[in-house]
Amino acid sequence: MNETIDYRPMWKALGLNLEAHDGLLAALGQAYRDIYLSQEDRPDGMGYFDFVISEIHGLRIQELVDARQEGRKVIGTFCLYVPEELVLAVDGICIGLCAGADIGTEEAEKVLPRNTCALIKSFFGFTLSGLCPYVSAADLVVGETTCDGKKKAYEIFDDYKPTFVIEVPHMKTAAGRALWRSELERLARKLEEVSGRQITAESLREGVRIVNAKRAALHRLNELRSANPAPISGRDALLINQIAFYDDPQRFTQQVNALCDELEQRVQQGQGVAGEQAPRLLVSGCPMAAPNWKLPFVIEKSGAVIVGEESCVGERGTRNLVTETDGDRESWLDRIADRYLDIDCACFTPNPERLDHIAAMAQRYRADGVVHYALQFCAPYTIEARHVERRLSERKIPLLRIETDYSMEDLPQLETRVQAFLEMLPRRAAAV
Ligand code: SF4
Ligand code: SF4
């Protein structure tokens, strides 16, 4: 955090609990030093992302507050199915609000059942404990009917922040597509009402251009990770994907591309963050919202390198682009609807596309094994893990199934399981 700027008046005006917030920042700073800054041989381009994290509750919040004073709207979201393109089309700012820390759990459990997934409990916990300046700075939260936990939680969340919920179908049928398209229209109208601006073909084209460029930069980053040795750690790549939900999209794109220029040189020079013989793993499953870095830390501390994330905070969220061809407002909304319906979240049934994607990613990134990560009490991903296991075993790709939460209590057990998994993987050849 920038020591020369006093953000406390801003946090106070946003209604944060200053004392608890100080504690949160101190704990976050320590975790970041231990998990991130302790890494050796990081690319110089990570400096920007370190700075963003150091200012995650400072400068970025100040930007949101300033933008609101200029009349722009801040829209908070919890899921990939809420298109950032629509928010940009009303000159709004889209912010991901999912939280990845075991904070405020006690408060959350006063309004939610204990057996709710950690992600839902965390965003309630942050809000109810007065610790999330993003929720405070948002004009509107857009929820979605993906899993049952979120769907019902939004009914309660609306007591704390105006929450507009869109219906996500659960089957990719013609009827599901028609429902989804009409829901995007409903969202477009809501955003127009909140912002006082019209969504036009022009404004959608610009929104699509910005978000496509962001996703293309992340594709470039992902492709570079197929090199052996991997030029960047999985922890750093995850961090970049997490920051994609908060940062200004155009500035972020520029910085990811600058980092990729550096990584290209690393690849040419055969320079990596781990040796060529380090086991390469893919992580697949539930999203890892910041600051959920537990499992990647355990994996990479054990000597492996993560080469891809089949996750919403990863390639599931970024892999497809909206087709950029001229058209009227309706045709842009059609193409946006198609792109988002292609996302293969486990809330869909059946969901064979996700299984294909995991197998394809394992091959493309030359992974030696896959770690399937599910949050406790997350039925969609925990149940779908069986299909993932079956598909990968047909391809003879080893799989480790992990179910965990945000607490650190199971850390020793996770370390033991990850190390045992790494030991059973076939040894890598010296050079590829
Ligand atoms: S896992 Fe599914 S419900 Fe959760 S954020 Fe991703 S797309 Fe949304
Ligand atoms: S992790 Fe699972 S249970 Fe939790 S919000 Fe996402 S889909 Fe729902």
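Residues numbered from 1 in each chain as written. Chains lettered and ligands numbered in written order. Predicted model: local features only at pLDDT ≥ 70, side-chain atom pairs only at ≥ 80, totals over all residues.

Describing the overall build of the protein
Okay, so step 1: If you tally the helices and strands in the protein, you get 19 helices and eight strands.
Okay, so step 2: Since a compact globule built from 432 residues should have a radius of gyration of about 22 Å, the 21 Å found for the protein is in line with a globular shape.
Okay, so step 3: Across its three principal axes, the protein shows a C-alpha extent of roughly 60 × 50 × 45 Å.
Okay, so step 4: Across the 432 residues that make up the protein, the buried fraction comes to 47%.
Okay, so step 5: Long-range pairs, those at least 24 residues apart, make up 76% of the contacts in the protein between residues at least 6 apart in sequence. (Helix = DSSP H or I, 4+ residues; strand = E, 2+ residues; numbered from the N terminus. Rg over C-alpha atoms; globule rule 2.2 N^0.38 Å. Buried ≥ 20, exposed ≤ 12 C-beta atoms within 10 Å, placed from the backbone. Contact = placed C-beta atoms within 7 Å.)

Considerations on the site of ligand 2
Okay, so step 1: Lining the immediate surroundings of ligand 2 are Cys117, Leu119, Ile120, Thr146, Cys147, Gly149, Lys150, Cys286, Leu375, Cys378, Pro380 and Tyr381.
Okay, so step 2: Secondary structure elements with two or more residues in the shell around ligand 2: helix 7 (118-128), helix 9 (148-157) and helix 18 (379-394).
Okay, so step 3: For the shell around ligand 2, the residue count by class is nine nonpolar, two polar and one charged. (Near = placed C-beta within 6 Å. Nonpolar A, V, L, I, M, F, W, Y, C, P; charged D, E, K, R; others polar.)

Topic: the nonpolar core
Okay, so step 1: Among the nonpolar cores identified, the biggest contains 136 residues, and Phe123, Ala138, Leu281, Leu282 and Val370 are the most heavily contacted of them.
Okay, so step 2: Beyond its immediate stretch of four places on either side in the chain, Ala138 contacts Val74, Ile75, Gly76, Ile95 and Lys161. (Core = buried A, V, L, I, M, F, W, Y, C linked by C-beta atoms within 7 Å.)

Side note on the site of ligand 1
Okay, so step 1: Around ligand 1, the structure places Cys79, Leu80, Tyr81, Thr146, Cys147, Pro287, Cys312, Ile343, Cys345 and Cys347.
Okay, so step 2: Here the shell around ligand 1 is built from residues that sort into nine nonpolar, one polar and no charged.

Here we look at the sheet that holds strand 7 (residues 369-375)
Okay, so step 1: Taken in spatial order, the four strands of this open sheet run 6-5-7-8, and their pairing is parallel. The sheet terminates laterally at strand 6 (305-310) and strand 8 (399-404), the two strands that pair on one side only. Taken pair by pair, the neighbouring strands of this sheet meet at an average axis angle of 25°, ignoring direction.
Okay, so step 2: As defined by bridge partners, strand 5 (residues 280-285) adjoins strand 6 across five bridges and the pair is classed as parallel. (Pairing = 2+ DSSP bridges. Axes fitted to C-alpha atoms, helices over the stretch in contact; angles between N-to-C directions.)

A look at the pairing of strand 1 (residues 74-77)
Okay, so step 1: Here strand 1 shows no split at all, with Val74 and Gly76 on one side and Ile75 and Thr77 on the other all buried.
Okay, so step 2: Where strand 1 meets strand 2 (residues 93-96), four bridges bridge the pair, whose relative direction is parallel. Of the residues in strand 2, the one forming a bridge with Val74 is Ile93.

Topic: the pairing of strand 4 (residues 163-166)
Okay, so step 1: Strand direction decides the pairing type here: strand 3 (residues 140-144) and strand 4, joined by four bridges, are parallel. Looking at the pairing, Val141 lines up with Thr163 of strand 4.
Okay, so step 2: Crossover handedness for the path strand 3 to helix 9 to strand 4: right-handed. (Right-handed = clockwise from strand over helix to strand, strands pointing away.)

Description of the environment of Arg266
Okay, so step 1: Locating Arg266 in the fold gives a position in helix 13 (residues 249-268).
Okay, so step 2: In this structure Arg266 comes out as partly exposed when scored by C-beta crowding, with 19 C-beta atoms within 10 Å.
Okay, so step 3: Once you skip the residues sitting within four places of it in the chain, Arg266 turns out to touch Pro43, Pro231 and Gln271.

Let's talk about unusual backbone geometry
Okay, so step 1: Omega for the bond connecting Asn228 with Pro229 falls within 30 degrees of zero, at 5°, which places this linkage in the cis form.
Okay, so step 2: With respect to the helices and strands, the residue Pro229 is situated in the loop between helix 11 (201-224) and helix 12 (234-243).
Okay, so step 3: For the bond from Thr349 to Pro350, the omega torsion is -15°, close enough to zero to count as cis.
Okay, so step 4: Although it is not a glycine, Asp91 adopts a positive phi angle of roughly 60°.
Okay, so step 5: Mapped onto the secondary structure, Asp91 falls in the loop between helix 5 (84-89) and strand 2.
Okay, so step 6: Take Asp91: there are 16 C-beta atoms within 10 Å of it, and that puts it in the partly exposed class.
Okay, so step 7: Positive phi, normally seen in glycine, also occurs at Lys396, with a value near 60°.
Okay, so step 8: Position of Lys396 relative to the elements: it lies in the loop between helix 18 and strand 8.

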